[in-house]
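Commentary on secondary and tertiary structure
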Amino acid sequence: MNKLKLAILLLVGISFEIQAQELDVNLQIRPRFEYRNGYKTLLPYGQEGTSQISQRSRLNFNYKQEDLTVKLTLQNTRTWGDVVPASAKDVNGIAVFEAWAQYNFTENWSARMGRQVLSYDNQRILGEQDWGQQAQSHDALTVSYHTDKQKLDFGGAYNSNAENTFQTPYTVATYKTMQYAWYHNQFNSDLGLSFLLLNTGYEYAPEPTPSTKLLVDYKQTFGPYLTYKKGKIDTNFWLYGQTGKSTDLQVSAWNVTLILDTTLQTHLKLV
């Protein structure tokens, strides 16, 4: 009888443990045919356009237990035919697109660390850029405060190209260090307003000698993004400014865009 009670208790404990955890595994296969005729740059005289098939394959693992969420996404991007059928290796291989862990401290506050997607507003400044087969993700730490109407995210990153033992130039074509803050207020179902502040530092050597001290120049990108949608009117407005320095040169730029989309309906009455 005691053994039976013990077995029942173990089964109950195991069932509760399983119910408290969630594991989702899914696969994405995305082939795409393209014909390019002047894409990115005009065709040189006498040249013709070209076509190819690319493919993105992703394996997603999503795990959740109470306040802890973990995600791992493995990805391979390829062009059909970029290796011979009997090849022992791939050109691009398997890459880690996402690998992060998130902990929810309260109902509103959470923190996420690892390789993750940073996507805000229309993705003009920070976005996944999912239209590209490889998309885009960052190695970063982010902290979030989210309510039903307000969202506040801030985070940062510090990059190196290896585990170095002495000063080594950062040669990867991206920022050396990055910090950002993003705030969004959804006033009602029609009106939303965001503000983004981004600080990116790019490393460079003022003189190409082994003993040269590496320097970091910082650029600041900032501005609001507004959306208004009601009835037949769909409006997007953004105003982004950029200042700071790039390779010891002063930066000053502005981008202003207003998109107004209206749907007009005409009714024809037949008599």
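Structure report, in brief. (Residues numbered from 1 in each chain as written. Predicted model: local features only at pLDDT ≥ 70, side-chain atom pairs only at ≥ 80, totals over all residues. Heavy atoms only, no water.)

Looking at the pairing of strand β2 (residues 50-65)
- Here 16 bridges tie strand β1 (residues 21-36) to β2, and the two strands are oriented antiparallel to one another. Opposite E22, over in β2, you have K64 as the bridge partner.
- Adjacent in sequence and paired antiparallel, β2 and strand β3 (residues 68-79) are bridged by two residues, among which E66 carries a positive phi angle near 55°. (Pairing = 2+ DSSP bridges. Helix = DSSP H or I, 4+ residues; strand = E, 2+ residues; numbered from the N terminus.)

Examining the sheet that holds β3
- The 12 strands lie next to each other as β1-β2-β3-β4-β5-β6-β7-β8-β9-β10-β11-β12, forming an open sheet whose pairing is antiparallel. Every other strand in the sheet has two partners, leaving β1 and β12 (249-262) as the edge strands with one partner each. Taken pair by pair, the neighbouring strands of this sheet meet at an average axis angle of 10°, ignoring direction.
- The pairing of β2 with β3 spans 12 bridges and is antiparallel. Pairing of N62 across the sheet is with K71, part of β3. (Axes fitted to C-alpha atoms, helices over the stretch in contact; angles between N-to-C directions.)

Examining the pattern of salt bridges
- If you walk through the whole model with that rule in mind, you get 10 salt bridges.
- Here E34 ties to R32 by a salt bridge, and the two come within 3.5 Å at their closest N and O atoms.
- In this structure, D90 and R78 form a salt bridge, with 2.5 Å as the shortest nitrogen-oxygen distance. With D90 in the loop between β3 and β4 (95-104) and R78 in strand β3, this pair connects stretches of sequence that are 12 residues apart.
- For R78, a relative accessible area of 22% gives the class partly exposed.
- Taken together, the salt bridges that share partners define one network made up of R30, R56 and D130. (Salt bridge = Lys/Arg side-chain N within 4 Å of Asp/Glu carboxyl O. Buried < 20%, exposed > 50% of the residue type's maximum accessible area, 1.4 Å probe, protein only.)

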